[in-house]
2 protein chains.
Amino acid sequence: MQTPPMIGKNIQRIRSARKLTLNVLSERSGVSKAMLSQIESDKVNPTVATVWKIARGLNVELNDLLEADDEPKRVFSLNPAAEESSKMEKKQNGITIRILSPLSMVEELEMYLLTFEPHASLESEPHYSGTQEYLTVVKGTVKVTVGDNTAELKRGDFLMYHCDTEHAIRNESAQVAIVHMVVRFSPDRR
Amino acid sequence: MQTPPMIGKNIQRIRSARKLTLNVLSERSGVSKAMLSQIESDKVNPTVATVWKIARGLNVELNDLLEADDEPKRVFSLNPAAEESSKMEKKQNGITIRILSPLSMVEELEMYLLTFEPHASLESEPHYSGTQEYLTVVKGTVKVTVGDNTAELKRGDFLMYHCDTEHAIRNESAQVAIVHMVVRFSPDRR
DNA sequence: AAACAGTGTTCAGTATACTAAACACACAAA
DNA sequence: TTTGTGTGTTTAGTATACTGAACACTGTTT
């Protein structure tokens, strides 16, 4: 980050998105609405404690209020021959699926970037015996259940499992979570 | 984050690691050394602006001072059969390579988590015609050069290229960068 | 129209973040 | 010993973050 954070804009934006009034946010966060108003209009230099309370009140991570909002992610390829690399995005049930791998690899190896809205979950029936999935958490935390095992993963954590048992990925937190997924279709048997 | 950040501890830790005195950090950051001392011993509730200045002085991201230090990442598998999944880690030239994929997949598909210290870079000669690499940035920013194309990637960005030209991944920033890499050995030709 | 209930903003007072300077303690050099 | 140079801490004063209350500006209801 090269430039001081625009906290005001961020709080303002998220508060509007949540459709909260200053009074409500004040109650939830324990910060006076006078202060909220002044912070949003960049009239003051809030303390970390105050911003942290606001983050709690908004159910976001502290960093989400301090970081520039550069979330929209670029996807591209340096190799012209593979430029067909699909930029497709599907959105459903609070989950945005971005397909990273080129179309030519379908049915062999696929890579996705999954964005989970708060409390979104992705449940899968057992399928494709032999297929494996590899998860790496890029942001936030998710809870992954495979059969009757469950694991809580945070950023940087990695998990691999076979898809022949039912499995689910859940974002039980109140923050957005992003996970990188590689699906490998079994090359050997079948 | 459930608990207010322990800014003091973080600053203290990083400053010691950098072997900086309060005077020096004060100069670099523009924050008085009196304030630095009080912040480190949790006697005050600093403003965001102040903490931001300190982050600049320390050459770290603002978030690194506010977040709990839970960086050590877990790697494991829910599938007992694949428990041989190597937890190997190599460290060299400021780059930590964690192998994610199970050993059984070697020579076919490999997955890594690469941690780049500030200014670390990974240069590769052209090799294995047909082999492809897929990068996803998990933290920070890196500059990737393939042949004479160069791209600056930030968190969430994805990039794919063929390995038959020389390529390099560089972390030119002053912060740690983490990238997820999938290497796919060409199945068709060869 | 008046009275109301909701919004966000501005005001006056107080608590405190922040600074410059003085301080205390270490270790080294004379 | 004294004198110095470095460390981090504490002090006193000023700037300002923060609060509760009053305010202004909607739109609705009677």
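What counts as what
Residues numbered from 1 in each chain as written. Chains lettered and ligands numbered in written order. Predicted model: local features only at pLDDT ≥ 70, side-chain atom pairs only at ≥ 80, totals over all residues. Heavy atoms only, no water. Helix = DSSP H or I, 4+ residues; strand = E, 2+ residues; numbered from the N terminus. Buried < 20%, exposed > 50% of the residue type's maximum accessible area, 1.4 Å probe, protein only. Contact = heavy atoms within 4.5 Å. Areas by Shrake-Rupley, 256 points an atom, 1.4 Å probe, with all protein chains shown as cover. Arc of directions from axis to C-beta. Pairing = 2+ DSSP bridges. Axes fitted to C-alpha atoms, helices over the stretch in contact; angles between N-to-C directions. pLDDT = per-residue confidence, 0-100. Salt bridge = Lys/Arg side-chain N within 4 Å of Asp/Glu carboxyl O. Polar contact = N/O pair within 3.5 Å; in protein donor to acceptor, adjacent residues only side chain to side chain. Core = buried A, V, L, I, M, F, W, Y, C linked by side-chain atoms within 4.5 Å. Near = heavy atom within 4 Å. Nonpolar A, V, L, I, M, F, W, Y, C, P; charged D, E, K, R; others polar. Expected span 1.5 Å × (residues − 1).

What about the overall build of chain A?
So, step 1. For chain A, the count of helices and strands is five helices and 11 strands.
So, step 2. The 190 residues of chain A split such that 52% are buried.
So, step 3. Look at the contacts in chain A between residues 6 or more apart in sequence, and 61% of them connect residues 24 or more apart.
So, step 4. On chain A, roughly 9100 Å² of surface is accessible, and the fraction owed to carbon and sulfur atoms is 50%.

So, helix α2 (residues 22-29) of chain B
One full turn of an α-helix is made of 3.6 residues, so residues set three or four places apart face in the same direction.
Residue and element names in this part refer to chain B.
So, step 1. Taken as a whole, α2 has its buried residues at Leu25, Ser26 and Ser29. Buried residues of α2, seen end-on, are gathered within an arc of 105° and therefore sit on one face of the element. In α2, the exposed positions angled more than 90 degrees off the buried face are occupied by Glu27 and Arg28.
So, step 2. Once α2 finishes, Gly30 follows within two positions and takes phi at roughly 80°, a positive value.

As for the sheet that holds strand β10 (residues 167-170) of chain B
Residues and elements named next belong to chain B.
So, step 1. The strand order across the open sheet built from four strands is β5-β10-β7-β8, with neighbouring strands paired in antiparallel fashion. Of all the strands in the sheet, just β5 (121-124) and β8 (149-154) have a single pairing partner and so form its edges. Within this sheet the neighbouring strands show an average axis-to-axis angle of 10°, counted without direction.
So, step 2. One ladder, built from four bridges, connects strand β7 (residues 141-146) with β10; its direction is antiparallel. Opposite Lys143, over in β10, you have Arg170 as the bridge partner.

What to know about the environment of Asn63(A)
So, step 1. Looking at the secondary structure, you find Asn63(A) in helix α5 (residues 62-66).
So, step 2. Sequence-wise, Asn63(A) and Trp52(A) are 11 residues apart; in three dimensions their C-alpha atoms are separated by 9.2 Å.

A look at the confidence of the model for chain A
So, step 1. Overall, the prediction assigns chain A a mean pLDDT of 79, with 77% of residues at 70 or greater.
So, step 2. Between residues 71-86 of chain A, whose pLDDT stays under 50, and residues either more than four places distant or in other chains, the model counts 46 contacts.

Let's talk about the sheet that holds strand β7 (residues 141-146) of chain A
Strand pairing in a sheet takes place through backbone hydrogen bonds and is either antiparallel or parallel in direction.
Residues and elements named next belong to chain A.
So, step 1. The antiparallel open sheet is built from four strands, whose spatial order is β5-β10-β7-β8. Of all the strands in the sheet, the pair left with one neighbour each is β5 (121-124) and β8 (149-154). Neighbouring strand axes in the sheet, compared pairwise and without regard to direction, differ in orientation by 10° on average.
So, step 2. Judged from the four bridges that link them, β5 and strand β10 (residues 167-170) form a sheet pairing that is antiparallel. By the bridge assignment, Glu123 is partnered in β10 with Ala168.

Looking at the pattern of salt bridges
So, step 1. With the rule as written, the count across this model stands at 12 salt bridges over all chains.
So, step 2. Two residues, Lys143(A) and Glu152(A), come together in a salt bridge whose shortest N-O distance is 3.6 Å.
So, step 3. Asp157(B) is the partner of Lys154(B) in a salt bridge, and the nearest nitrogen-oxygen pair spans 3.5 Å. Each member of the pair, Lys154(B) as well as Asp157(B), is classed as buried.
So, step 4. One salt-bridge network, in which partners are shared between bridges, spans Lys143(A), Glu152(A) and Glu172(A).

Comments concerning the side chain of Ser173(A)
All names here are of chain A.
So, step 1. Along the chain, the position of Ser173 falls in the loop between β10 and β11 (177-184).
So, step 2. Residue Ser173 is classed as buried on the basis of its relative accessible area of 16%.
So, step 3. A polar contact of 3.1 Å, which involves the side chain of Ser173, links it to the backbone oxygen of Gln175.

Concerning the nonpolar core
So, step 1. Within the largest apolar cluster, 36 residues are counted, with the highest numbers of intra-cluster contacts made by Ile54(A), Leu58(A), Leu65(A), Ile54(B), Leu58(B) and Leu65(B).
So, step 2. Counting residues per element, the ones that place at least two in this core are α1 (7-18), α3 (33-40), α4 (48-58) and α5 of chain A together with α1 (7-18), α3 (33-40), α4 (48-58) and α5 (62-66) of chain B.
So, step 3. The contact partners of Leu58(B), leaving out residues within four places of it in the chain, are Ile11(B), Ile14(B), Arg15(B), Arg18(B), Leu20(B), Leu25(B) and Leu65(B).

Here's the deal with the environment of Ser124(A)
Residue and element names in this part refer to chain A.
So, step 1. Structurally, Ser124 can be placed in strand β5.
So, step 2. Counting along the chain gives 43 residues from Ser124 to His167, while the straight-line C-alpha distance between them is 5.4 Å.
So, step 3. Excluding residues within four positions of it along the chain, Ser124 makes contact with Glu166 and His167.

Things to note about the protein's contact with DNA strand D
So, step 1. What surrounds DNA strand D is a group of 20 residues, the closest being Ser32(A), Thr47(A), Thr50(A), Thr21(B) and Ser37(B).
So, step 2. By atom count, sugar and phosphate contribute 69% of the portion of DNA strand D lying within 4 Å of the protein.
So, step 3. In this structure, a phosphate oxygen belonging to DNA strand D sits 2.8 Å away from a side-chain N or O atom of Ser32(A).
So, step 4. At 3.4 Å, a side-chain N or O of Thr21(B) approaches a phosphate oxygen of DNA strand D.
So, step 5. When residues of the surface near DNA strand D are traced back to their parent elements, those giving at least two are α3 of chain A together with α2 and α3 of chain B.
So, step 6. The leading source of residues in the surface near DNA strand D is α3(B), at four residues.
So, step 7. Tallied by class, the residues present in the surface near DNA strand D amount to seven nonpolar, 10 polar and three charged.

Structural notes on α1(A)
So, step 1. Taking 1.5 Å per residue as the helical rise, α1(A) with its 12 residues ought to reach 16 Å, and the 16 Å between its terminal C-alpha atoms agrees with that figure.
So, step 2. Residues Ile7(A), Gly8(A), Asn10(A), Ile11(A), Ile14(A) and Arg15(A) constitute the buried set of α1(A). Each buried residue of α1(A) lies within a common arc of 165° when the element is viewed along its axis, so the set occupies one face. Residues Lys9(A) and Ala17(A) are exposed on α1(A) and point more than 90 degrees away from its buried face.
So, step 3. Of the surrounding secondary structure, the elements contacted by the buried residues of α1(A) are α2 (22-29), α3, α4 and α5 of chain A together with α4 of chain B.
So, step 4. A positive phi of about 55° marks Lys19(A), the residue just after α1(A).

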